[in-house]
Amino acid sequence: MADEQRPLLNGSAYDPGVPIYNSSRTKKIVGSATAVSFVMLLIVMLTQWDKIVESGDPLDMASRILSKTGVVDGHIDLPWLVRSFYRNNATAVNLQHRTFGHVDIPRLREGKTAGFFWSVFTPCPKEVEGDSEYLVPNWRVRDTLEQIDIAKQLVGQYRDFKLVTTFAEFEEALETRKIASLLGVEGAHQIGDSLGVLRMYHALGVRYMTLTHTCNNAFADSGGFFEPLPPKHYGLSAFGRVLIKEMNRLGVIVDLSHVSDDTARQAFELSEAPVIWSHSSARAIWNISRNVPDDILAMIPESEKDAVVMVRLVVSSYPQSYRTIPRTTEHLIPLVDMKVNFYPSFVAAPGNATVQVVADHVDHIAKIAGKQHVGIGSDYDGIDTVPEGLEDVSKYPNLFAELYKRGWKAQELAGLAGGNILRVYKGAEKASQRIQARGVTPYADIYKARKDL
């Protein structure tokens, strides 16, 4: 197993009441992350787990573990909530006090949050008849820039946050008790069919991009909403393959949530860097196209490549009759514009969506892919309903307590909390460095359907 595939276990104290990072001990041994091998850093961190005293109370044990690791959430939609309800006015929302959503600074601290990806989402453009090549102009690039802007404004407005664009900066955030703030784009429809736009997003701090949202685009096929869409490319288009190469070169992580099964298989095989599913669950537990099937999960341990499936904390169910409702892109757009992922009638029946069910998804993914390949991607502030026991970011410890009761060890829970996604983040950064060291220059490919160039 490659060094990048080992769990990064942060043995530092994340509880705000104690030192957040054992800087002196770590630096005496390893200096800096750029000066000494990643393996040595792991060894230092691994040796600190014997300090956790076993507790008979699962919630207390979860709290102890998370006080040393913190939680890194792969997908939070706070920027979209601010756009939807405050017209992107950063001064109109006070994150120091409880918001009406799922996320604010006091609850992030209560939930032992070490960092999260701020999703700079904008919805798929409305489908236009005859636009089979995705050339009708829309405002998605403008809107994405506005979402990047509001995310960065909010990060800069509070001392609790630190914008992170490198692994070293993430370590700095831990040392200074900041909540690491990373940016992720949720769909390649947001780059306007242009690799140049991707590069500009990267320059602004974006470090992952989902290949699709709930619509097909010029690069790849989507998995749709609850059921797959008719394919356009049967996976990746030729331009989509170039997109993945450019993402690998830049160090933008390839995110496979929302994509079709064919897209996921092809992208996983093609990517030179580790990939993620930033907010997906297990199809074997809940059979919808948004979730990852077992055959794709099984590709992860069988490959030398690294990956993490970050479990979505929303476990939805919907009436069987919903399967008869037409699912066109036009039908989905109002839903997305309602700032939620599900209509109320699609949500689990009372008692069905619980922390235990979410733990079932985590367990299943761990069983097929391995515990080192699972993480957390809640979708908080992009959803209007939540599972019982996971009502907001303060409730992360409840999931870890449930898994501890099921036999998960402290090191395994540390990987789930954030070690696994940080390992992948480090792996993507190192892949980018290798690719650029080979002299690979920016890809100059232009979308073949464009007529202006």
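Residue positions are given per chain, counting from 1 as you read along its sequence in written order. Residues qualify for local features only when their pLDDT is at least 70, as the model is predicted, and side-chain atom pairs are given and counted only at 80 or more; totals for whole chains, interfaces and linings, by contrast, use all residues. Side-chain measures were taken over the full set of non-hydrogen atoms in the model, leaving aside hydrogen atoms and water.

## Here we look at the packing of aromatic side chains
Next, step 1: In this analysis, rings of Phe, Tyr and Trp, with Trp reduced to its six-membered ring, are considered paired at centre separations within 6.5 Å, and the interplanar angle assigns stacked below 30 degrees, edge-to-face beyond 60, and tilted for intermediate values. Taken as a whole, this structure holds 12 aromatic pairs when the rule is applied.
Next, step 2: Aromatic pair F116 and F161: ring centres 6.3 Å apart, planes at 85°, arrangement edge-to-face. On the criterion of sequence distance, the pair formed by F116 in strand β2 (residues 113–119) and F161 in strand β3 (residues 161–163) is long-range, its members being 45 residues apart.
Next, step 3: Given a relative accessible area of 5%, F161 falls into the buried group.
Next, step 4: Following the ring pairs from residue to residue traces out a cluster consisting of F116, W118, Y158 and F161.
Next, step 5: Each ring is checked for a lysine NZ or an arginine CZ that lies within 6 Å of its centre and within 35 degrees of its normal; such an atom marks a charge sitting over the ring. The ring centre of F268 lies 5.9 Å from the NZ or CZ of K305, which sits over that ring. We count a stretch as a helix when DSSP gives it H or I for four or more residues in a row; a strand needs E for two or more, and each element gets its number in order from the N terminus. Remark: exposure states derive from per-residue accessible area (1.4 Å probe, protein chains only) relative to the maximum for the residue type, with buried under 20%, exposed over 50%, and partly exposed in between.

## Structural notes on the side chain of E246
Next, step 1: Following the sequence through the fold, E246 ends up in helix α9 (residues 238–250).
Next, step 2: Contacts between residues were defined by any pair of non-hydrogen atoms, one from each residue, lying within 4.5 Å. Apart from residues lying up to four places away in sequence, E246 is in contact with L198, R199, P442 and Y443.

## Observations regarding the state of the cysteines
Next, step 1: Sulfur atoms of two cysteines make up a disulfide when they are within 2.5 Å. Summed over the entire model, instances satisfying the criterion amount to one disulfide.
Next, step 2: Shown here is the disulfide that connects C124 with C215, its sulfur atoms set 2.1 Å apart. Sign of the S-S torsion, about -85° for the bond between C124 and C215, identifies this disulfide as left-handed. Placement of the pair is C124 in the loop between β2 and α6 (140–157) and C215 in the loop between β5 (206–210) and α9, with a sequence separation of 91 residues.

## Notes on the pairing of strand β7 (residues 275–280)
Next, step 1: Extensive coverage of β7 is indicated by the burial of six of its six residues.
Next, step 2: Strand pairing is defined by DSSP finding a minimum of two bridges between the two strands. For strand β6 (residues 253–255) and β7, the ladder comprises two bridges, and the chain directions are parallel. Note that in β7 the partner of D255 across the bridge is I276.
Next, step 3: Where β7 and strand β8 (residues 307–311) come together, four bridges link them in parallel fashion. Its bridge partner being in β8, S280 is matched across the sheet by V311.
Next, step 4: Note on the crossover from β7 through helix α11 (residues 294–302) to β8: the handedness is right-handed. Seen with its strands pointing away from the viewer, a crossover is right-handed when the path leading from the first strand over the helix to the second is clockwise.

## Quick look at the environment of T212
Next, step 1: Position of T212 relative to the elements: it lies in the loop between β5 and α9.
Next, step 2: Aside from chain neighbours lying at most four places away, what touches T212 is G187, A188, N217, A220, D221, S222, S257, H258 and V259.
Next, step 3: Within polar-contact distance, the side chain of T212 engages the backbone oxygen of H258 at 3.3 Å. What qualifies as a polar contact is a pair of N or O atoms within 3.5 Å, subject to a donor-acceptor requirement within protein and to the restriction that residues adjacent in sequence count only when both atoms come from side chains.

## Notes on the nonpolar core
Next, step 1: By nonpolar core we mean a set of buried residues, namely Ala, Val, Leu, Ile, Met, Phe, Trp, Tyr and Cys, connected to one another through side-chain atoms within 4.5 Å. Judged by nonpolar contacts, the single largest core of 91 residues is most densely connected at F161, L211, L243, W277 and F400.
Next, step 2: It is helix α13 (residues 355–369) that contributes the most residues to this core, seven residues altogether.
Next, step 3: Beyond its immediate sequence surroundings of up to four residues, F161 is in contact with L95, I105, L108, F116, W118, L154, V155, K178, I179 and S181.
Next, step 4: Formed by 22 residues, the second largest nonpolar core is a distinct cluster that contains L174, M310, I421 and V424.

## Focus on the packing of helix α3 (residues 58–69) against helix α15 (residues 410–437)
Working note: a packed helix pair is described by the angle between its axes plus the distance between those axes.
Next, step 1: The angle between two axes is taken between their N-to-C directions and runs from 0 to 180 degrees, where each axis is a line fitted to C-alpha atoms and a helix contributes only its stretch in contact. For the pair α3 and α15, interaxial distance at closest approach is 10 Å and the crossing angle is 55°. In terms of axis orientation, α3 runs oblique to α15. Regarding α3 and α15, the two cross each other, and that crossing is right-handed. Each of I65, L66 and T69 in α3 lies in contact with α15, whose residues at this interface are A410, L413, A414 and A417.
Next, step 2: Among the residues forming the contact of α3 with α15, the class breakdown is six nonpolar, one polar and no charged. Between 65 and 115 degrees an angle is taken as roughly perpendicular, under 35 as roughly parallel, over 145 as roughly antiparallel, and anywhere else as oblique. In this scheme the handedness of a crossing depends on how the near helix is turned from the far one: anticlockwise by less than a right angle means left-handed, clockwise means right-handed. Residue classes follow a fixed rule: Ala, Val, Leu, Ile, Met, Phe, Trp, Tyr, Cys and Pro count as nonpolar, while Asp, Glu, Lys and Arg count as charged, and any other residue, Gly among them, counts as polar.

## Notes on the pairing of β2
Next, step 1: In terms of residue burial, β2 counts as a mostly covered element, since seven of its seven residues are buried.
Next, step 2: Inspection of the sheet shows β2 paired to strand β4 (residues 179–186) by five bridges, in the parallel sense. In the sheet register, S119 faces β4, and the bridge partner there is G184.

## Considerations on the confidence of the model for the chain
Next, step 1: Summarising the model, the chain shows a mean pLDDT of 83, and 79% of its residues fall at 70 or more.
Next, step 2: Segment residues 1–13 is flagged for pLDDT under 50; beyond a separation of four residues in sequence, or across chains, it makes 60 contacts in the model. Each residue carries a pLDDT score, the predictor's confidence in it, ranging from 0 to 100.

## Quick look at the environment of M61
Next, step 1: Among the structural elements, M61 can be located in helix α3.
Next, step 2: Given the relative accessible area of 1%, M61 is considered buried.

## Focus on the environment of S378
Next, step 1: One can find S378 in the loop between β9 (374–376) and α14 (396–405).
Next, step 2: Sequence spacing of S378 and R312 is 66 residues, and the spatial spacing of their C-alpha atoms is 4.6 Å.
Next, step 3: Within polar-contact distance, the side chain of S378 engages the side chain of D73 at 2.6 Å.
Next, step 4: In terms of polar contacts, S378 uses its side chain to reach the backbone amide nitrogen of Y380, at 3.1 Å.

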